Number of protein chains: 4
Amino acid sequence: MPEAKVHRIATTGPDDVSGIASAIASGAISPDGIVAILGKTEGNGCVNDFTRAFSVHMLKAELSRHLPHTALDEIAYVMSGGTEGALSPHILVLERTAGQEIGDEQSLAIGRALTPALPPKDLGRLAQVEMVAAGVRAAIRDAGIDALSDVHFVQIKCPLLTSDRIQRAETEGHSTATRDTLKSMGLSRAASALGVAVALGELQLSDIDDTQIGRDMSLWSSRASTSAGVELENHEIVVLGMSRQWSGPLAVDHAVMADAIDVAPVKAALDRLNLGRDDASLVALLAKAEPGTSGRLRDSRHTMLDDSDISATRHARAFVGGVLAGLVGTTEIFVSGGAEHQGPDGGGPVAIIARRNGG
Amino acid sequence: MPEAKVHRIATTGPDDVSGIASAIASGAISPDGIVAILGKTEGNGCVNDFTRAFSVHMLKAELSRHLPHTALDEIAYVMSGGTEGALSPHILVLERTAGQEIGDEQSLAIGRALTPALPPKDLGRLAQVEMVAAGVRAAIRDAGIDALSDVHFVQIKCPLLTSDRIQRAETEGHSTATRDTLKSMGLSRAASALGVAVALGELQLSDIDDTQIGRDMSLWSSRASTSAGVELENHEIVVLGMSRQWSGPLAVDHAVMADAIDVAPVKAALDRLNLGRDDASLVALLAKAEPGTSGRLRDSRHTMLDDSDISATRHARAFVGGVLAGLVGTTEIFVSGGAEHQGPDGGGPVAIIARRNGG
Amino acid sequence: MPEAKVHRIATTGPDDVSGIASAIASGAISPDGIVAILGKTEGNGCVNDFTRAFSVHMLKAELSRHLPHTALDEIAYVMSGGTEGALSPHILVLERTAGQEIGDEQSLAIGRALTPALPPKDLGRLAQVEMVAAGVRAAIRDAGIDALSDVHFVQIKCPLLTSDRIQRAETEGHSTATRDTLKSMGLSRAASALGVAVALGELQLSDIDDTQIGRDMSLWSSRASTSAGVELENHEIVVLGMSRQWSGPLAVDHAVMADAIDVAPVKAALDRLNLGRDDASLVALLAKAEPGTSGRLRDSRHTMLDDSDISATRHARAFVGGVLAGLVGTTEIFVSGGAEHQGPDGGGPVAIIARRNGG
Amino acid sequence: MPEAKVHRIATTGPDDVSGIASAIASGAISPDGIVAILGKTEGNGCVNDFTRAFSVHMLKAELSRHLPHTALDEIAYVMSGGTEGALSPHILVLERTAGQEIGDEQSLAIGRALTPALPPKDLGRLAQVEMVAAGVRAAIRDAGIDALSDVHFVQIKCPLLTSDRIQRAETEGHSTATRDTLKSMGLSRAASALGVAVALGELQLSDIDDTQIGRDMSLWSSRASTSAGVELENHEIVVLGMSRQWSGPLAVDHAVMADAIDVAPVKAALDRLNLGRDDASLVALLAKAEPGTSGRLRDSRHTMLDDSDISATRHARAFVGGVLAGLVGTTEIFVSGGAEHQGPDGGGPVAIIARRNGG
């Protein structure tokens, strides 16, 4: 019976791999079990954020001392720039190990899947939604999760359009959803999030048309977290959920915040995991934060969307970081931005991983 | 028996005085009872923040339609720039009215005092601490507050050094605590906060020496909020507390956060005021936020002090704004920065004003 | 014979009107001759820049001591936020006086015109181009300028769409060019600049269609400078040129920079005005700066468009400010952004006003 | 007879080493001749700029394919963050080759030297000035430069204080010049620049005392460029000058700008190198930019020092970048900040390398 491990490791900079190196040296982490590494890095989380690439480069260089090149590239590296407010830079290493105990209870399960390469003409369109939905279903099967309600977090790395890829599509006589490479990142995240919603039965494929992708924020998944990366042409999918086929003390649950200060659902999820009591401790919190499109939060105007000095996404991460850190008592939480169709407009999904001490 | 009123009014910009104008027109606010106006404005809260002066200018222009020039200048205008995260721009109008009910219970009391002009040579030194302590005592008497433990918030506007004032001191053969006008703002805020601590019995004057002012962050007041303004040479002091000599449904209490995510003391104060239950509602929350000097929050590193793109004070307001808005369910809260000796290093005082519905 | 005067006055902040007040007190400026006031203020020049409104408010308050309310509103106030790099905050007061000398030479001429109110449905469309072209022609006539080649600078303040105006248009059964109020500012500036081009014979109205406005950057005027303001529904037009019907020592000329470092045309214009020699001195330089859309300058990549920390317009003003200040030896120059159809993509028009000492 | 080569290579990001890789592959650059690599990277050039380390890391990784580890570390890597305005990211590879021609003329000469490790107690003090002066003299000898007036650019990488190094000094019973690690960077740059001044005879060691280092901006070198790096404990010194012992078409000269718009000395140096004429072309321009301490440029106030949104050093690089790019017609120039004692307050040194086509 496999066991999922989640290692939360503080970093002193985007190039700091000393923590993962020590964990490997001590045997706490076995490199060949690593499925994904998520990280919060110091950059601005926007266009000119080089801390993400720097971090991935250094992690790969470190892991290359233990793994063959092909294995290196099978790991999903999901770096999120922006540690605004008191958010603390760290990485989360997701590992699949041979578990030692056998039981009847559900435990944290990790599944993964890769989709085929996405033709550039399909990016940001229904065909991408459909491809991702199929991939998520495969990852759920890989995780051995029986019920869709046991899926709590779906992380997707998706491709984007580059000038080359646009040209390739056009040479073949196709148009692309956009010719703006930056916008293609949002469209790809959007279509991927809707793919999660379809796989989880939150939406039907027939409910969606191309024009809603990236635009109609009333469509969303409660468990999607998507990010676009220039280095891949397909989708890397990691699913976290609960399964009886896995062992170990870890458990995961999730909540959806309706807006940036909607703490009740998060408190309820913390309660369900027994956090705040002696018999459980927090391992990781992963949340999406966004300023929303209305310029208001409940009855009150905010100024995030009108600030030409600080990006709205940076404001949102700092603020939602405060809301959530106040609830869980640590600032080492993974709050990321860019939340198209990932939770409701102005709100967002929150996944929580806990260690059950009595496990 | 007087009654204290606190009007919280949303603004659409630093120059928006339509809300206070309407309240005066409808009789909800009587201009001659206004003691102080506190405001959160859209600027960066740092050196080149012109929204504070713009707001004060527009408020005075509006009030000049109702009050003689001398009365205008007796009002304390405390503008705090920086509505980071989802913090919402608004003003708080503190008014002293003739109350209509007489009772035995304590109610919100407002007192004020002005000190003599501060000689520039005394700024940032013990003589300023002593002058402020005397002024705070006078304001407490003015408020009719019997016990120091009934004082919950002391707002002070203090002077700063300008090139002219430094020259004046030097011409008279004196040195000043600094020749850097920006630093003088911090020193003046620091000495004023220590003056509050002395008046409230939190510290003894003999415990402090000049070299600790603005430096030794182990010295602090739990109820001070100070800001420096170029337009005055003395101190304007406003005290909020509880007194049997005042009537009305408002009450005030306070808490001290030990760090930016220390929510337990705030929750306790909200509880003491019955907030979160049917019989009370939030009128205002006033808090100080600071990144602290250690670069860490509990066990975790943060990056606020190393960010050359966004001022640490802006990060701190956004983050602490999230922490507190998550607790009270509104973003119309007064979170300000510049917290030398105002609460512990990295933490800060929080004052809460509630309306007792059964009152 | 009228004489045009241009007063360049340094300011110590957006609210500093002491310079213009002194000039009025000394008789150097006669308030009733003021046609326009242009100003560089400290803000970011983007959405949340309150220094422009603060400056206009303070100027009007000062001038209201000398002028009736109706006269106040006839003056065009053109505030440009952003004194990046070493650019120096200042105002330029354009005044029309009764000149004292009569001669045969051309001198600086100022003309102005107001258009009728622009129906919101016409904003950003050909109808606005046509309305502005008519207004510019009227202003040229008002200035007594005979030849279009004697027009060197056309400043236009144009309206923008607000939610109210969009609703008004839609209630009447019309669509608007955009429903995004921020985008409407760019479209209005764009259509106004094309209106100048049509009036000056640089383009034919029949050469332009609606879809090119704000998009086809190959269309541009060499002498337009436009800015949008929420406070007006029509266009305020100020034309500067040379005319034999005006007297006095001032002269104006212009150049077009093909890119941000294209100094040769500016040097040629400075030469034509005899600047850099004993017999002339610089009074004012007005330029438009923009990052351009290509991401490159000549052969080299720049990073302005990818910087999520600093707006591209701020980079461009700082850089072009350096290019031009290096040429003229002062940093008190009026470099503004937002240059749709105002000069070629990545370049911009430059107007120079000189005093002929021998004049 | 050796020949100095300078390769200017555009980069598409801090991690782009494709240009240098191609040049090595084609034989244009011989890795074992590389003395130093200077680079402009996209970061903010301030504390949280990770682009410099990312670039150095990638350059070393690339060069490690051609050079042994020890040779890698002998190269001086001088990365300067901040491509504000239209400044263009690029690297300059300085190479010492076996020259093919022999002549009587002076040519560009490169010399280098390493000092011993600097004891932390000496950093920012006269002992550092003296150590650097000795090192510069050694580098001049290494370059075969006869006269001090033939030295035109001295680049120094100097150490800084870390918490560890401070503790080491204190354990040994010594104090350090500062306990603030950020300030130690400025002090080390300052002492190094003064060391250059002493070596070049611009100042006498006896003219300087400890209290002036980093403070008295009337002391400066016309040819120093210094930067601090955490990775070294000694000084890496690279000298550029003219010598008859070197061959080849390259020549170097320098100028000192008295303020940010002081273009005359730069024009004179360009003239001396015959730039702007057919028989010479620009290879590289290296300049230091700083906002100065007065808040004014000539007669005019600037706002760089009061801007809490954008660092003054970023403003200065953008602006001076414009001034210099306007002169030389390219934006691929090396404008860096942090100019303590490197040129006069508010001004800075400029070094220019030209290729003599008729050479």
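Residues numbered from 1 in each chain as written. Chains lettered and ligands numbered in written order. Predicted model: local features only at pLDDT ≥ 70, side-chain atom pairs only at ≥ 80, totals over all residues. Heavy atoms only, no water.

A. Region of interest: the overall build of chain A. Counting its regular elements, chain A contains eight helices and 14 strands. Taking 2.2 N^0.38 as the reference for a compact globule, 359 residues should give roughly 21 Å; the C-alpha atoms of chain A span a radius of gyration of 19 Å, in line with that estimate. C-alpha extents for chain A along the principal axes are approximately 55 × 50 × 40 Å. Across the 359 residues that make up chain A, the buried fraction comes to 63%. In chain A, of all internal contacts separated by at least 6 residues, the share reaching a separation of at least 24 is 82%. Accessible surface computed for chain A: about 12800 Å², of which carbon and sulfur atoms make up 49%. (Helix = DSSP H or I, 4+ residues; strand = E, 2+ residues; numbered from the N terminus. Rg over C-alpha atoms; globule rule 2.2 N^0.38 Å. Buried < 20%, exposed > 50% of the residue type's maximum accessible area, 1.4 Å probe, protein only. Contact = heavy atoms within 4.5 Å. Areas by Shrake-Rupley, 256 points an atom, 1.4 Å probe, with all protein chains shown as cover.)

B. Structural context of the side chain of Thr115(A). Residues and elements named next belong to chain A. Here threonine 115 is to be found in the loop between β5 (107-114) and α4 (126-143). The buried category is assigned to threonine 115, whose relative accessible area is 6%. Not counting residues within four places of it along the chain, the set of residues in contact with threonine 115 comprises Met131, Gly135, Asn234, His235 and Ile237.

C. Structural view of helix α8 (residues 312-328) of chain B. Over its 17 residues, α8(B) extends 24 Å from the first C-alpha to the last, a length consistent with the 24 Å expected when each residue adds 1.5 Å. Looking one or two places after α8(B), you find Gly329(B), whose phi comes out positive at around 80°. (Expected span 1.5 Å × (residues − 1).)

D. Expanded view of the interface of chain D and chain B. Contact with chain D, which involves 10 residues of that partner, is made by 10 residues of chain B. Carbon and sulfur atoms make up 33% of the area that chain D and chain B hide from each other, which totals about 790 Å². Run the count over chain D and chain B and you get two salt bridges. For Arg314(D), the salt bridge goes to Asp309(B), with nearest N and O atoms at 3.7 Å. Our count for the contact surface shared by chain D and chain B stands at 10 residue pairs in polar contact (both at pLDDT 80 or more). Each residue belonging to the side of chain D that touches chain B can be placed in one class, and the counts come to two nonpolar, four polar and four charged. (Buried area = accessible area lost by both parts, 1.4 Å probe. Salt bridge = Lys/Arg side-chain N within 4 Å of Asp/Glu carboxyl O. Polar contact = N/O pair within 3.5 Å; in protein donor to acceptor, adjacent residues only side chain to side chain. Nonpolar A, V, L, I, M, F, W, Y, C, P; charged D, E, K, R; others polar.)

E. Looking closely at the domain arrangement of chain A. All names here are of chain A. By the assigned domains, chain A splits into domain 1 (1-99), domain 2 (102-248) and domain 3 (249-355). The centre of domain 1, based on its C-alpha atoms, is set 22 Å off from the matching centre of domain 3. Taken together, the 24 residues of domain 1 in the interface contact 20 residues of domain 3. Taking both sides of the interface into account, the surface hidden between domain 1 and domain 3 amounts to around 1700 Å²; carbon and sulfur atoms contribute 60%. (Domains from an automatic or database assignment.)

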